[in-house]
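Here are the chains, one letter per residue:
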Amino acid sequence: MKIAILPGDGIGPEIIAQAQQVLEVLRQEGLAIETEQAPLGGAAYDAFGQPYPEFTQKLCREADAVLLGAVGGPAYDQLERPLRPERGLLAIRKDLNLFANLRPAILYPELANASTLKPEVVSGLDIMIVRELTGDIYFGQPRGMGVNAQGEREAYNTMRYSESEVRRIAHVAFGIALKRNKKLCSVDKANVLETTEFWKEIMNDVAKEYLQVELSHMYVDNAAMQLVRYPKQFDVMVTGNIFGDILSDQASMLTGSIGMLPSASLDQNNKGLYEPSHGSAPDIAGKDLANPLATILSTAMMLRYSFGLEAEALRVEKAVKTVLAQGYRTGDIYEAGCQKVSCSAMGAAVVAAL
Ligand code: NAD
């Protein structure tokens with residue numbers, strides 16, 4: 001199992017170091033893990049003058065999975081757009097053809113007070129949002145700005161999905177639902193948009209291959225409402241790029257703690273890029289204050305989705321639950337009565353729990 005490690009910028013190196021310790025425990029126990037590091041984002045610009053240089057590209061293409069910290073920072077904000085760290089992120093997603101974005105929103109009972117919603121609404125929440133990442137109105141052609149036949153300025157984008165694009169994300173979502181509670185909700189706006197009527201039709205067709213999974217459909221406006229009204233009704237949600245962009249951010253904030261949220265982006269063969277949902281947090285970078293749990297949980301997702309190591313993934317997730325139950329908290333999730341710890345101390349606690 002070859003893993004490319006891209007610490008990135010800001011808190012990236014600090015949180016990645018903790019995830020690497022977790023991998024090291026598993027390696028010492030006999031898992032055939034090989035890791036190699038390369039820069040991405042600002043760090044890559046500093047080393048190679050590019051946010052996604054050839055060196056990094058080669059390593060990521062050859063790897064079975066990629067673990068990323070975060071990219072970006074004020075030092076790079078004045079660069080020309082193609083050289084900015086965030087471009088490195090877009091480039092790697094495109095280069096590796098990562099079309100399926102998996103964003104879990106899990107609220108550990110110990111952190112129920114971190115949410116802005118009432119604890120009884122969100123405690124125990126465990127939703128997986130599967131978002132199509134490489135199609136839809138974000139990429140559809142034609143797109144542009146111009147002047148119409150009447151001489152008035154106008155702008156337009158095209159919502160577009162091919163059958164194969166919808167089928168492949170459907171299979172990913174059904175596959176995930178099979179491994180969870182076997183409930184899949186497909187989100188669309190089929191009452192208004194042909195593209196999503198088509199999406200719904202294909203979801204129904206693919207469902208015939210997954211008879212154990214209960215498929216339901218929901219309009220996106222209702223889904224947004226239901227996510228804050230009664231989020232625990234959802235197990236797995238699947239949706240297109242633009243709806244997924246919005247709903248996954250909304251769902252992640254139900255948990256209230258950005259330092260806890262992992263993510264995965266997968267290709268056709270389950271090769272994946274795993275990263276925390278947060279950014280490089282320049283305000284706390286280099287101070288050993290960051291919460292490394294989102295990155296450690298991203299590592300658990302890597303074990304599950306790229307390597308099929310369900311037991312090991314569960315073990316890492318259980319170790320995270322254990323440290324929360326023991327009362328360890330980094331600053332972002334701290335509440336009175338708990339023990340405030342540094343990034344490295346939190347990593348060490350997870351290793352001890354493992
Ligand atoms: P951010 O997620 O970096 O930070 C937002 C707030 O959350 C900050 O107060 C930060 O201290 C806190 N925070 C984030 N992660 C934390 C953690 N693990 N532990 C404790 N606190 C944490 O978002 P931002 O401030 O909008 O962006 C900062 C930089 O990160 C920008 O350059 C942005 O472009 C970049 N960014 C990168 C990614 C990515 O690499 N995937 C995603 C979002 C933003």
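Before reading on, note that the structure itself is shown above.
Residues numbered from 1 in each chain as written. Predicted model: local features only at pLDDT ≥ 70, side-chain atom pairs only at ≥ 80, totals over all residues. Heavy atoms only, no water.

Student: Describe the overall build of the protein chain, naming the residues involved and giving the relevant values.
Tutor: A tally of regular secondary structure across the protein chain gives 12 helices and 14 strands. What you see for the protein chain is a C-alpha radius of gyration of 20 Å, in line with the 20 Å of a compact globule of 354 residues. Summarising its shape, the C-alpha atoms of the protein chain cover approximately 60 × 50 × 40 Å along the three principal directions. Put simply, the protein chain has 354 residues, and 52% of those count as buried. Carbon and sulfur atoms form 51% of the exposed surface of the protein chain, whose accessible area is close to 15800 Å². A distance of 2 Å separates the average location of the 34 positive side-chain charges in the protein chain from that of its 43 negative side-chain charges. (Helix = DSSP H or I, 4+ residues; strand = E, 2+ residues; numbered from the N terminus. Rg over C-alpha atoms; globule rule 2.2 N^0.38 Å. Buried < 20%, exposed > 50% of the residue type's maximum accessible area, 1.4 Å probe, protein only. Areas by Shrake-Rupley, 256 points an atom, 1.4 Å probe, with all protein chains shown as cover. Lys, Arg positive; Asp, Glu negative; His and termini not counted. Charge placed at Lys NZ, Arg CZ, Asp CG, Glu CD.)

Student: I'd love a proper account of the site of the ligand, names of residues and values included.
Tutor: For the ligand, the set of nearby residues contains 20 residues, the closest of which are Glu86, Gly279, Ala281, Asp283 and Asn291. One nitrogen or oxygen atom from the main chain of serine 280 is found 3.1 Å from an oxygen atom belonging to the ligand. In this structure, a nitrogen atom belonging to the ligand sits 2.9 Å away from a main-chain N or O atom of asparagine 291. Across the complex, the protein chains shield 68% of the 810 Å² of accessible surface that the ligand would expose by itself. For the shell around the ligand, the class distribution of residues is 9 nonpolar, 7 polar and 4 charged. (Near = heavy atom within 4 Å. Polar contact = N/O pair within 3.5 Å; in protein donor to acceptor, adjacent residues only side chain to side chain. Nonpolar A, V, L, I, M, F, W, Y, C, P; charged D, E, K, R; others polar.)

Student: Now, about the state of the cysteines: what can you tell me, with residues and values included?
Tutor: This structure, assessed with the given rule, holds 0 disulfides. Not part of a disulfide, cysteine 338 finds its nearest cysteine sulfur in cysteine 343, a span of 18 Å. (Disulfide = S-S within 2.5 Å.)

Student: Please give an account of the packing of aromatic side chains that cites residues and values.
Tutor: Following the criterion strictly, the structure yields 4 aromatic pairs and no others. A ring pair is formed by phenylalanine 48 and phenylalanine 55, whose centres lie 5.7 Å apart and whose planes are at 20°; its orientation type is stacked. Here phenylalanine 48 falls in the partly exposed class, since its relative accessible area comes to 44%. Residue classification places phenylalanine 55 among the partly exposed positions, given a relative accessible area of 43%. Directly above the ring of tyrosine 334 sits lysine 340, whose terminal nitrogen or CZ lies 5.1 Å from the centroid. (Phe/Tyr/Trp six-rings, centres within 6.5 Å; stacked < 30°, edge-to-face > 60°. Lys NZ or Arg CZ within 6 Å of the ring centre and 35° of its normal.)

Student: A description of the sheet that holds strand S11 (residues 262-266) should follow, citing residues and the corresponding values.
Tutor: The 10 strands are arranged S2-S1-S3-S12-S11-S4-S5-S10-S8-S9 in an open sheet whose pairing can be described as mixed. The strands lining the two open edges of the sheet, one partner per strand, are strand S2 (34-37) and strand S9 (214-219). Going from strand to strand, the sheet's axes swing by 20° on average, the running direction of each strand aside. Sheet topology places strand S1 (residues 2-8) next to S2; 4 bridges connect them, and they run parallel. (Pairing = 2+ DSSP bridges. Axes fitted to C-alpha atoms, helices over the stretch in contact; angles between N-to-C directions.)

Student: Describe helix H3 (residues 54-62), with residues and values.
Tutor: Taken together, the buried positions of H3 are Thr56, Leu59 and Cys60. Down the axis, H3 shows its buried residues gathered within 95° of arc, on one side only. In this structure, H3 carries Glu54 and Lys58 as exposed residues pointing more than 90 degrees from its buried face. Next to the buried residues of H3 lie S1, S2, strand S3 (65-70) and helix H4 (85-95). (Arc of directions from axis to C-beta. Contact = heavy atoms within 4.5 Å.)

Student: Account for the pairing of strand S6 (residues 144-147), with residues named and values stated.
Tutor: In the sheet, S6 pairs with strand S7 (residues 153-156) via 4 bridges, with the strands oriented antiparallel. Bridge pairing in S7 links glycine 146 to glutamate 154. Between the antiparallel neighbours S6 and S7 lie 5 residues, among them glycine 151 with a positive phi of about 80°.

Student: Give a description of the pattern of salt bridges that names residues and reports values.
Tutor: Across all of its chains, the model carries 15 salt bridges by this definition. With a shortest N-O distance of 3.0 Å, arginine 103 and aspartate 249 are connected by a salt bridge. Of the two residues, arginine 103 is situated in strand S4 (residues 100-106) and aspartate 249 in helix H9 (residues 241-254); the sequence distance between them amounts to 146 residues. The closest approach of N and O atoms between glutamate 163 and arginine 167, which form a salt bridge, is 3.0 Å. One end of the pair is glutamate 163 and the other is arginine 167, both in helix H6 (residues 163-179) and 4 residues apart, which spans about a single turn. Classification of glutamate 163 as partly exposed rests on a relative accessible area of 40%. Of the residues examined, arginine 167 reaches a relative accessible area of 23% and is grouped as partly exposed. Sharing partners across several salt bridges, the network here consists of Glu163, Arg167, Asp205 and Lys208. (Salt bridge = Lys/Arg side-chain N within 4 Å of Asp/Glu carboxyl O.)

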